[in-house]
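Chain by chain, the residues run as shown.
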Amino acid sequence: MPGFELFGDLERKEVNDVLDNGVLMRYGFDGMRNGHWKAKALEAELTKTFETKHVQLVSSGTAAVSVALASAGVGAGDEVIMPTFTFVASFEAIMMLGAIPVLVDIDDTLAIDPKAVEAAITPKTKAVMMVQMCGSMGDLNTVQSICEKHDLIFVEDACQAIGGTYDGKPLGSIGDLGCFSFDFVKTITCGEGGAVITNNSDYYLNADHYSDHGHDHEGNDRGAETHPFLGYNFRISELNAAVGLAQVKRLPEFIGIQKKHYTIIRNAISQIPEVTFRTVPAGGEESYAFLNFFLPDLEIARKVSKGFKDNGIDVCFHYYDNNWHYIRKWEHLKNKKSLFPLSAEIKQGLENLKHQTFEQSDYFIGRNISCLIKMSWTENEVAKRAENMVSIIKDALKS
Ligand SMILES: *Cc1c(COP(=O)(O)O)cnc(C)c1O
């Protein structure tokens, strides 16, 4: 997955353009730039890539989620439904706005379960966030119609599924708002960066202003701009945008390499009858950034994970025992460990989490192994790796 694996001349050229004129900021300084507007150019390129009307670049994927929610008016006391399996950024971004994260089960797609979403809706629910983890998606159609029925905002976090599609549409472009990360380990990287995409012009204008201190971006005198509402600073720099501009042009090449490597490994391990794969909804195509598979039970999954580690099969994750991506290890969230006082509403909202259990999520995450697909592997390395994985899995099943 990480786009940095294939850095080359294109990235260097784009960054040098910025250094040559010295304008590292995305707004203003028109005279000095010699026509280089890397953030603007990247936004234009991303509207094509993600087949969307509007793109607002921001400083990170986490910022993208906060900006997306803020742009749609989500804030203090509002409940946002999110999955138990995701990156910690999901609840961070929600809580930053004073909103309350409501965690619900995932299903065999490894994304939010529509039935769990429906069951979690209360009069305070304002938005539902589907996180397209590890290169694939959940049941977007069903969640979207639940959102329509209950008049909720539907946000897609497609940070880990850049290049995946559903009914031929890019992931991230289906919800009311889509969020992307271009941090250092994502399929396209800017070093640090993110994007909010939407077809809604109001949300877009809100995102544009909110991510730059509420500036209205009218005219070309920054000092004279007005501030229609309060904002914050979530700007991306020209240097970061320049790297992304080179990378995004290579996305089809990246996805092609991921698919090739993914397919070799999948074909090899699918010969083991006890191994099953994550469900990809009908009409969906993964980005091939990860290969996800299930083992018969938690104990075997732990054995396979250990076997991989002991035998040099890196970048495979058993998220059940991992600190970053699954609720089991989010003690800081469950114990409300905040540097500063949290609002009474957030504290009340998080109270449930302490004792709540998520058996359905445990059932899937406990048995799941998720292997990152690297682009820099040679074909020989992938074949060897696949062979080793098969023998480690077979051993774990025997013992
Ligand atoms: C990486 C990631 C984020 C956050 O992106 P940053 O750019 O690192 O802040 C959010 N959600 C998911 C699913 C991610 O993988």
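Described below are features of the structure shown in this document.

Rules of the game
Residues numbered from 1 in each chain as written. Predicted model: local features only at pLDDT ≥ 70, side-chain atom pairs only at ≥ 80, totals over all residues. Heavy atoms only, no water. Helix = DSSP H or I, 4+ residues; strand = E, 2+ residues; numbered from the N terminus. Buried < 20%, exposed > 50% of the residue type's maximum accessible area, 1.4 Å probe, protein only. Contact = heavy atoms within 4.5 Å. Areas by Shrake-Rupley, 256 points an atom, 1.4 Å probe, with all protein chains shown as cover. Lys, Arg positive; Asp, Glu negative; His and termini not counted. Charge placed at Lys NZ, Arg CZ, Asp CG, Glu CD. Patch = residues over 30% accessible without salt bridge, like charges linked within 9 Å, V, L, I, M, F, W, Y side chains within 5 Å. Salt bridge = Lys/Arg side-chain N within 4 Å of Asp/Glu carboxyl O. Near = heavy atom within 4 Å. Polar contact = N/O pair within 3.5 Å; in protein donor to acceptor, adjacent residues only side chain to side chain. Nonpolar A, V, L, I, M, F, W, Y, C, P; charged D, E, K, R; others polar. Pairing = 2+ DSSP bridges. Axes fitted to C-alpha atoms, helices over the stretch in contact; angles between N-to-C directions. Right-handed = clockwise from strand over helix to strand, strands pointing away.

1. Focus on the overall build of the chain
Tallying secondary structure elements over the chain gives 14 helices and 14 strands in all. Across its three principal directions, the C-alpha atoms of the chain cover 70 × 50 × 40 Å. Taken over 399 residues, the chain has a buried fraction of 57%. Here the analysis covers contacts within the chain between residues at least 6 apart in sequence; of these, 68% occur between residues at least 24 apart. If you sum the accessible surface of the chain, you get close to 16500 Å²; carbon and sulfur atoms cover 52% of it. Counting 39 positive and 53 negative side-chain charges, the chain places the averaged centre of each group 5 Å from the other.

2. Notes on a nonpolar patch on the surface
A cluster of nonpolar residues, Phe7, Phe184 and Val185, forms a patch on the protein surface that exposes about 270 Å² of accessible area. Inspection of the secondary structure assignment puts Phe7 in the segment before helix H1 (9–21). Look at Phe7 and you get partly exposed, because its relative accessible area is 40%.

3. With respect to the site of the ligand
Around the ligand, the structure places 14 residues, and the nearest of them are Gly61, Thr62, Ser181, Asp183 and Lys186. For the ligand, an oxygen atom lies 2.9 Å from a polar atom in the side chain of Gln160. Note that an oxygen atom of the ligand is positioned 3.1 Å from one of the side-chain N or O atoms of Lys186. Protein contacts shield 93% of the accessible area of the ligand, which totals 380 Å² for the unbound molecule. For the shell around the ligand, a count of residues per class yields five nonpolar, six polar and three charged.

4. Some points on unusual backbone geometry
Positioned with a positive phi, His217 is a non-glycine residue whose angle comes to about 55°. In this structure, His217 sits in the loop between helix H7 (201–210) and helix H8 (238–248). Positive phi outside glycine occurs at Lys336, with the angle close to 50°. When you line up the elements, Lys336 lands in the loop between helix H11 (331–334) and helix H12 (344–351).

5. Focus: the sheet that holds strand S12 (residues 290–294)
Reading across the sheet, the four strands line up as S10-S12-S14-S13 and stay open at both edges, with antiparallel pairing between neighbours. Because the sheet does not close on itself, it has two edges, and the strands there are strand S10 (276–277) and strand S13 (316–317). When S12 meets strand S14 (residues 368–372), the two strands line up antiparallel, connected through five bridges. Across the sheet, residue Phe290 finds its bridge partner in S14, namely Leu372. Packing against the sheet, helix H9 (residues 251–269) makes contact with S10 and S12, and its axis sits at approximately 15° to S12. Strands in contact with helix H13 (residues 359–367) are S12 and S14; relative to S14, the strand with the most contacts, it is inclined by about 50°.

6. Examining the pairing of strand S5 (residues 153–157)
With five of its five residues buried, S5 lies for the most part within the structure. Judged by which residues are buried, S5 turns out to be covered on both faces: Ile153, Val155 and Asp157 on one side and Phe154 and Glu156 on the other are all buried. The pairing of strand S4 (residues 125–131) with S5 spans five bridges and is parallel. Across the sheet, residue Val128 finds its bridge partner in S5, namely Phe154. As a crossover connection, the stretch from S4 through helix H6 (residues 140–150) into S5 is right-handed. Where S5 lies against strand S8 (residues 177–181), three bridges are found, and the strand directions are parallel. Across the sheet, Glu156 pairs through a bridge with Gly178, a residue of S8.

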